[in-house]
Amino acid sequence: MAFQAMDAAIEGFRIAREKPKAMLIWAAASLGISLVSSIGMVAMFGGTLNEFMDMSRTPSNDPAEVMAMLGQVGLLYAFLLPLALLVFAIFTAAVYRSVLRPAESAFGYLRLGMTELRLAVVLLLLFLLGIAASIAVTLVLGVVGALVGVGMDAGGAGGIGAGIAFAVLIILIYIGMIFAALVFWTKFSFAGPMTFNDGRIRIFESWSATKGHFWPLLGCYVVAGVLGIVVGLLGGVIAMAVMLGFGGAEGGSFLAMLESMEADYTSVATFLSPAMIANLVINALISALTYAIFLAPPAVAYRDIVVRRSGADISA
């Protein structure tokens, strides 16, 4: 079967429709992970989080106090980021498995092994490579913008026309940065599926594997991204409405709603309020769907462009 960009873009919804058991397992696993990580976070950093929230509402003018708080928040991120990376790799592998190895459906395609660890390494490397690339692109476009500005000054350009020209230049630079990011993530979009399928870390091989398919892939990922964002926003609205109902905010005002949704990190009991539990449940359900929406398209594209072209048999 040839690669069909729009079919790949909505693959996440097909997974949700055809594999509801897997989706429920993903949601349950996401909820369990959220509960365990939240309990650990509150137990270890509850006081720090409450202080940080207080400081965000009434900023401190004491540099020493701010630095001390940033140090404590840094410890929190040192706890959360590796966990988040591993969890994302686990769900990424599950989505890839549902597309590339559909027969391995036990436990909702969820596993924890070398495959997931390799994907975690690939995700980390792509993140670091993306940062390096964004810095390089920003520097190049910044230099170009500076040279154009110098040229305008040397040519005696001024007034409203020069201001408009400079504004257009800034807009073009931002467009160039966005396009560069899209090129980067599109060309490296097969790194994860290739690493999963080959059992070896693959990153730069993705660049050549996507050759000749850039525009269909870009269109596929943009459509999937928009759909995923819409689903996420709808889920957020639902979560806010449910939390408002549990919070019992007086008069239903927006300010009261926000106050009722604020987490209390004083203890595990105060954190796991009915409103927070409802929020975690809804977020788990939405996360399961958005994982499929965002992660399935690259796996489908890799399957149809690379795997099936090589003659491998993937049974549905």
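Analysis parameters
- Residues numbered from 1 in each chain as written.
- Predicted model: local features only at pLDDT ≥ 70, side-chain atom pairs only at ≥ 80, totals over all residues.
- Heavy atoms only, no water.
- Phe/Tyr/Trp six-rings, centres within 6.5 Å; stacked < 30°, edge-to-face > 60°.
- Lys NZ or Arg CZ within 6 Å of the ring centre and 35° of its normal.
- Salt bridge = Lys/Arg side-chain N within 4 Å of Asp/Glu carboxyl O.
- Helix = DSSP H or I, 4+ residues; strand = E, 2+ residues; numbered from the N terminus.
- Buried < 20%, exposed > 50% of the residue type's maximum accessible area, 1.4 Å probe, protein only.
- Axes fitted to C-alpha atoms, helices over the stretch in contact; angles between N-to-C directions.
- Parallel < 35°, antiparallel > 145°, perpendicular 65-115°, else oblique.
- Left-handed = near helix turned anticlockwise from the far one by under 90°.
- Contact = heavy atoms within 4.5 Å.
- Nonpolar A, V, L, I, M, F, W, Y, C, P; charged D, E, K, R; others polar.

## Points about the packing of aromatic side chains
All chains considered together, the criterion is met by eleven aromatic pairs. Between Arg101 and the ring centre of Phe196, over which it is positioned, the NZ or CZ distance is 4.4 Å. The ring of Trp207 has Lys187 sitting right over it, with the charged end atom 5.3 Å from the ring centre.

## Overview of the pattern of salt bridges
This structure, assessed with the given rule, holds eight salt bridges. Residues Arg14 and Glu11 are paired through a salt bridge, measuring 2.3 Å at the closest nitrogen-oxygen approach. One end of the pair, Arg14, and the other, Glu11, are both in helix α2 (residues 11-18), three residues apart, so they sit about a helical turn from each other. Its relative accessible area of 24% is what places Arg14 among the partly exposed residues.

## Notes on the packing of α2 against helix α12 (residues 274-307)
Between α2 and α12, the shortest axis-to-axis distance is 7 Å and the interhelical angle comes to 120°. Regarding the angle of α2 to α12, the classification is oblique. The hand of the α2/α12 crossing is right-handed. Contacts from Glu11, Gly12, Phe13, Ile15 and Ala16 in α2 reach Leu289, Ala292, Ile293, Ala296 and Val300 in α12. Taken together, the residues of the contact of α2 with α12 break down into eight nonpolar, one polar and one charged.

## What to know about the packing of helix α7 (residues 191-198) against α12
Running from N to C, α7 and α12 cross one another at 65°; their axes reach a closest spacing of 9 Å. The pairing of α7 with α12 is recorded here as roughly perpendicular in orientation. For the element pair α7 and α12, the recorded crossing hand is right-handed. Contacts between α7 and α12 involve Pro193, Met194, Asn197 and Asp198 from the former and Pro298, Ala299, Tyr302 and Val307 from the latter. Here the contact of α7 with α12 is composed, by residue class, of six nonpolar, one polar and one charged.

Note that every value here comes from positions in space, so none of it alone points to a role or purpose.
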